[in-house]
Amino acid sequence: MSLLELSPARCVRALSVNSECSHCSDSCPTSAITLLGRLPAINQSLCVGCAGCVAVCPSEALALDDFNPSEFFFSFLNDDESVVSCQKNVPCIAALSVEHLISLCSLKKGLVLDIGHCGSCDIGSYVLEMMEERIQSANYLLEAIEVEKSVVCEERAYRSPEADEPKDRRDFFKTFHLRRIAKAKHDFEKEVQRSTDEFIEASIDSSHTKELR
Ligand code: SF4
Ligand code: SF4
């Protein structure tokens, strides 16, 4: 599972006492972010790693440890297809902001969001509602800049080829290969953080001074 990380010095609420930015908590389908304090507080046990908050943060203050939006962007541009799916290239279609939809659709001459898994997903209805608004805004602007193609939703229900591979004994023993031990340790530490069922508020200290400047 993913771990959501906040760089406090990048959050606009840290940069300006007058900032009322709340994009991250407003877009979270599981209420895993609260802004009761000055800076966002994250409850890792509630976070499902959809990247919805990462997509809308104006200052790239949030990041998931297992999803890199820039890597996705460039690999998507090299992909023959123009399909975005939670089973293919993003943790959730919520990982795309209005700006992402516009740029990807205009560069790829069309964009399909696979909503074929949303019906069986706990956050599916929330995400569909949120994405409807983003798609409308994106298509409105695409039309305004005279891009002929638009962003569309289709029930493709994409499945990765690996998802259908049978699990055999070799897979089991591979788990214990030395190269996997480091990863297992990292995963364990992550799970410890994720199991903390409380909101951890970020804070700014002297280690952030350079970044703040
Ligand atoms: S990654 Fe998704 S579930 Fe996790 S805090 Fe962000 S919006 Fe909420
Ligand atoms: S959306 Fe980004 S800048 Fe705004 S409060 Fe959340 S972390 Fe801070």
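Residues numbered from 1 in each chain as written. Chains lettered and ligands numbered in written order. Predicted model: local features only at pLDDT ≥ 70, side-chain atom pairs only at ≥ 80, totals over all residues. Heavy atoms only, no water.

Help me out: how do you make sense of the nonpolar core in this one?
When a protein is soluble and globular, its nonpolar side chains tend to lie buried together. Of all hydrophobic cores here, the largest spans 47 residues; its most connected members are Leu4, Leu62, Val84, Leu101, Leu111 and Leu113. Elements represented by at least two residues in this core include exactly strand 1 (4-6), helix 3 (52-56), strand 4 (62-64), helix 4 (69-78), helix 5 (98-108), strand 6 (111-114) and helix 6 (124-144). Considering each element in turn, this core owes the most residues, six residues, to helix 6. Here this core spans two domains, since at least three of its residues come from each of domain 1 (1-67) and domain 2 (68-161). Excluding residues that lie within four positions of it along the chain, Val84 makes contacts with Phe72, Phe76, Asn89, Val90, Ile93, Leu96, Leu111, Val112, Leu113 and Asp114. (Core = buried A, V, L, I, M, F, W, Y, C linked by side-chain atoms within 4.5 Å. Buried < 20%, exposed > 50% of the residue type's maximum accessible area, 1.4 Å probe, protein only. Helix = DSSP H or I, 4+ residues; strand = E, 2+ residues; numbered from the N terminus. Domains from an automatic or database assignment. Contact = heavy atoms within 4.5 Å.)

What exactly am I supposed to notice about the packing of aromatic side chains here?
Working definition: an aromatic ring pair is given by the centre-to-centre distance plus the angle between the planes. Tallying each qualifying case throughout the model produces three aromatic pairs. Ring geometry for Phe67 against Phe72: centres 6.2 Å apart, planes inclined by 45°, an arrangement best described as tilted. An identical accessibility class is assigned to Phe67 and Phe72; each is buried. Plain terms: the ring middles of Phe73 and Phe74 are 5.9 Å apart, the flat faces sit at 80° to each other, and that makes the pair edge-to-face. Following the ring pairs from residue to residue traces out a cluster consisting of Phe67, Phe72 and Phe76. It is Lys108 that lies over the ring of Phe76; its NZ or CZ is 5.0 Å from the centre. (Phe/Tyr/Trp six-rings, centres within 6.5 Å; stacked < 30°, edge-to-face > 60°. Lys NZ or Arg CZ within 6 Å of the ring centre and 35° of its normal.)

What's the story with helix 4 in this structure? I'm lost.
Along an α-helix, residues three or four positions apart point the same way, because every turn accommodates 3.6 residues. Considered for burial, the residues of helix 4 that qualify are Phe72, Phe73 and Phe76. Projection of helix 4 onto a plane perpendicular to its axis shows the buried side chains occupying an angular sector of 100°, all on one side. Summarising the geometry of helix 4, the exposed residues directed more than 90 degrees from the buried face are Glu71, Phe74 and Asn78. Buried residues belonging to helix 4 abut strand 5 (83-84), helix 5 and strand 6. Two or three places before Ser70, at the opening of helix 4, Asn68 has a side-chain oxygen 2.9 Å from that residue's backbone nitrogen. (Arc of directions from axis to C-beta. Polar contact = N/O pair within 3.5 Å; in protein donor to acceptor, adjacent residues only side chain to side chain.)

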